[in-house]
Amino acid sequence: MSEPGRTLAMGEAERVAGHSVDAPFGRALVELGHARPDIVGLTADLGKYTDIHPFRDAFPERFFNVGMAEQNLVAVSAGLARAGKTPFCTTYGVFATRRAYDYIAIACAHSRVNVKIIAGLPGLTTGYGGTHQAIEDLALMRMVPGLVVIDPCDATDIMQATHAIAAYDGPVYMRLLRASVPVILDAAQYRFAIGEARRLRQGGDVALIGTGFMTGRALQAAEAVGRDGIAAAVLHVPTLKPFDADAVAELASQVRCVITVENHVVTGGLASLVAETLFERGMTRPLVRIGLPDRFIECGSVGFLQEKYGLTAERIEQAIRAACG
Amino acid sequence: MAVRNTPVDDAPIGFLRDKAKQLRRHMLAMASRLGQGYIGQGLGIADLLAALYFHELRYDPADPAWPERDRFLLSTGHYSLALWAALAEAGVLPIEELATYGADASRLDMSTLDTTPGVEVIGGSLGHGLGQGIGMALGLRLDGRPARVFVELSDGEMQEGATWEAAMAAPHFRLDRLVALIDCNGIQADGAIVLDLEPVAEKWRAFGWETAEIDGNRMDEIVNALHGARSANGRPKAIVLRTLPGKGVPTLERREKAHFVRVEADEWGALAAELEGDHV
Ligand SMILES: Cc1ncc(C[n+]2csc(CCOP(=O)(O)OP(=O)(O)O)c2C)c(N)n1
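The following refers to the structure shown. Each chain carries its own residue numbering, running from 1 in the direction its sequence is written. To label them, take the chains in the order written and letter them from A, then take the ligands in the order written and number them from 1. Whole-chain, interface and lining totals are the exception, using all residues; otherwise, since this is a predicted model, local features are given only for residues with pLDDT of at least 70 and side-chain atom pairs are given and counted only at 80 or more. Hydrogens and waters are ignored; side-chain quantities use all the structure's heavy atoms.

**A word on the nonpolar core**
Thought 1: Residues belong to one nonpolar core when they are buried, are Ala, Val, Leu, Ile, Met, Phe, Trp, Tyr or Cys, and are joined through side-chain atoms within 4.5 Å. Exposure categories follow from relative accessible area, calculated using a 1.4 Å probe and restricted to protein chains: below 20% of the type maximum is buried, above 50% is exposed, and the middle band is partly exposed. Residues Leu 52, Tyr 53, Phe 72 and Leu 181 of chain B are the most contacted members of the largest nonpolar core, which totals 61 residues.
Thought 2: Looking at this core, the elements that each hand over two or more residues are helix H1 (13-34), helix H2 (39-56), strand S1 (71-74), helix H3 (80-89), strand S3 (178-184), helix H7 (219-228), strand S7 (237-242) and helix H9 (268-277) of chain B.
Thought 3: Secondary structure follows DSSP: runs of H or I at least 4 residues long count as helices, runs of E at least 2 residues long count as strands, and numbering of each begins at the N terminus. Considering each element in turn, this core owes the most residues, eleven residues, to H2 of chain B.
Thought 4: Residue contacts for Phe 72 of chain B: discarding those within four places in its chain leaves Leu 49, Leu 52, Tyr 53, Leu 57, Leu 83, Glu 120, Phe 150, Glu 152 and Leu 181 of chain B.
Thought 5: Counting 59 residues, the second largest nonpolar core, distinct from the first, contains Ala 155, Val 172, Leu 185 and Leu 219 of chain A. Working rule for contacts: check all heavy atoms of both residues, and any pair within 4.5 Å makes them a contact.

**A few points about the site of the ligand**
Thought 1: Proximity is defined per residue: if any heavy atom of the residue lies within 4 Å of a molecule or strand, that residue is considered near it. With respect to spatial proximity, 22 residues lie near the ligand, and among them Glu 70 of chain A together with Gln 41, His 78, Ser 154 and His 259 of chain B are the closest.
Thought 2: Among the chains of the assembly, those with residues near the ligand are chains A and B.
Thought 3: In protein, a polar contact requires one atom able to donate a hydrogen and another able to accept it; more generally it is a pair of N or O atoms within 3.5 Å, and residues adjacent in sequence count only if both atoms are side-chain atoms. Residue Ile 187 of chain B places a main-chain N or O atom 3.1 Å away from an oxygen atom belonging to the ligand.
Thought 4: Accessible areas in this description were obtained via Shrake-Rupley with a 1.4 Å probe; residue shielding takes into account the shown protein chains only. Burial of the ligand by the protein chains amounts to 98% of its free accessible area of 590 Å².
Thought 5: Those elements giving two or more residues to the shell around the ligand turn out to be helix H5 (93-99) of chain A together with strand S4 (187-188) of chain B.
Thought 6: For this scheme, ten residues count as nonpolar: Ala, Val, Leu, Ile, Met, Phe, Trp, Tyr, Cys and Pro. Four count as charged, namely Asp, Glu, Lys and Arg, and the remainder, Gly too, count as polar. Residue classes in the shell around the ligand are distributed as seven nonpolar, ten polar and five charged.

**What about the sheet that holds strand S4 (residues 86-92) of chain A?**
Residue and element names in this part refer to chain A.
Thought 1: Strand pairing requires that DSSP identify at least two bridges connecting the strands. Read from one edge of the open sheet, seven strands run S3-S2-S4-S5-S7-S6-S12, paired in mixed fashion. Edge positions in the sheet fall to strand S3 (63-65) and strand S12 (239-241), since each has one partner strand and no second. Going from strand to strand, the sheet's axes swing by 20° on average, the running direction of each strand aside.
Thought 2: For strand S6 (residues 148-150) and strand S7 (residues 172-175), the ladder comprises three bridges, and the chain directions are parallel. Among the inter-strand pairings, Ile 150 is bridged to a residue of S7, identified as Met 174.
Thought 3: Axes here refer to lines fitted to C-alpha atoms; in helices the fit is confined to the stretch in contact. Angles between the N-to-C directions go from 0 to 180 degrees. The sheet strands contacting helix H8 (residues 155-167) are strand S2 (39-43), S4, strand S5 (116-120), S6 and S7, and the helix crosses S7 at an angle near 170°.

So, to be careful, I would describe these as geometric facts and stop short of saying anything about function.
Structure below.
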């Protein structure tokens, strides 16, 4: 755990590069908590499971567990924001978006209050089936006017994004990777900024545009095909809204084919944003959308499900070879 | 077709206790094969499920979709292993299939889906059971069917707003064939109940439910309460069951009040032995 008073987690991830960080969101929030007394934490009976427990332990007087009541979680958070606090509230993405949608839309976004909604178990990161897998949350949240929507790819991204959204005054929905989270990005070089995509790898043959943990798999696939002389660029888009359309268009103009990769249904999320961008700018490029199909996913082990539904580096590699073949 | 459990007034308590123990055996076996599971919760409601499936519920194991059946809705999808044990012991599912609990591509998932025979609604997104139970009870009444609807819900689910929306609606519609079975086991995901819910029974009474509060691990009390809930008096029935997570396996009963119990691979044998030595 980081010492009190430190304001930024920069460098922390770097020290453990190639490894993983435990509860990166919770660590970053504790750092923020020391620096900013306005930051408060809330959960709906998922403190243990959404990495906010370090904050709960460090600042018990600034932590509120409202019980399993997601609508109230968001409503109470909105009230705290109106009282001048900066609430970070956690639950699973399915319950935030499906059950508390109205509260996110009206009490948070319409009112433009400063609530940060942190959403666990994005996409296929749980084996508990359709009730727990937030496969369409990005699409839902993207439709809410004025909401910032973030899908970080690793521990570095999460820690930097936590600081960035705390510094931003307005409502945010951020997906959470929890517990032991791998480090993929080099914290010495990477900088998260709301609304900005980052080119992680150059290449002139095909563009891989990724969000969430799928960006890491895109990097692996790009490396694999690189050994056979295929140059795949990787653009990481952690912020779905506001969307960095310029970065997408610029990259697309440099390649023959675009492949989007996301831990989400291929409708309404990253793939749709990229398609809208290309079409709006009059760019025609073959577009391959890797992500989840339009159906509820069954229960099963996470590895089994990710394999079955193609959220793997191998699946991306196949798509690259097919596109460039 | 062979319908189980035509309503009788004297319940074979010893037989039902044996059935509850048999359900607990199945649950321990399932959890040990998987190495994990919501075993505390399952052991806690074993007595209730035994009383329902072997005494109170009218259903046809060979035809789980029989239109006249009483409905049992397990709102807490994460208690699935308890339901799988009951459905298998009742003959709705093959006993051998219990060995697939939680395996990839199994029908007996860690959370309940309505594609598995005997499952009335998808559980697991908590707070969904009671409202759907009201809809079923209204529909059955419209069709003139005498079937009853039993909805299990947990203490944690009483923190969801939808539970109280349903609690307010059922007395309004005078659904006296609806029975809410509220499993108060004192725990939820973050440990011991995080928001004070007491006095639980008074809340349900205040909402207009005929309410009984019992030791949910005592078969005689369960059966009495279920019998009491049969009256056609225009009021929905609530039974508040105080249950002990891990009931029947002393080591699990004593374990720190945890929502998700971890058990080491070499511990299961001893737990099974404890169950056999115990007289619930
Ligand atoms: C709507 C909803 N919110 C949150 C969860 C996550 N969750 C799963 S079990 C659980 C605890 C609910 O309380 P209870 O059923 O009383 O817990 P138990 O007795 O099983 O410990 C929570 C919060 C969920 N499944 N559904």
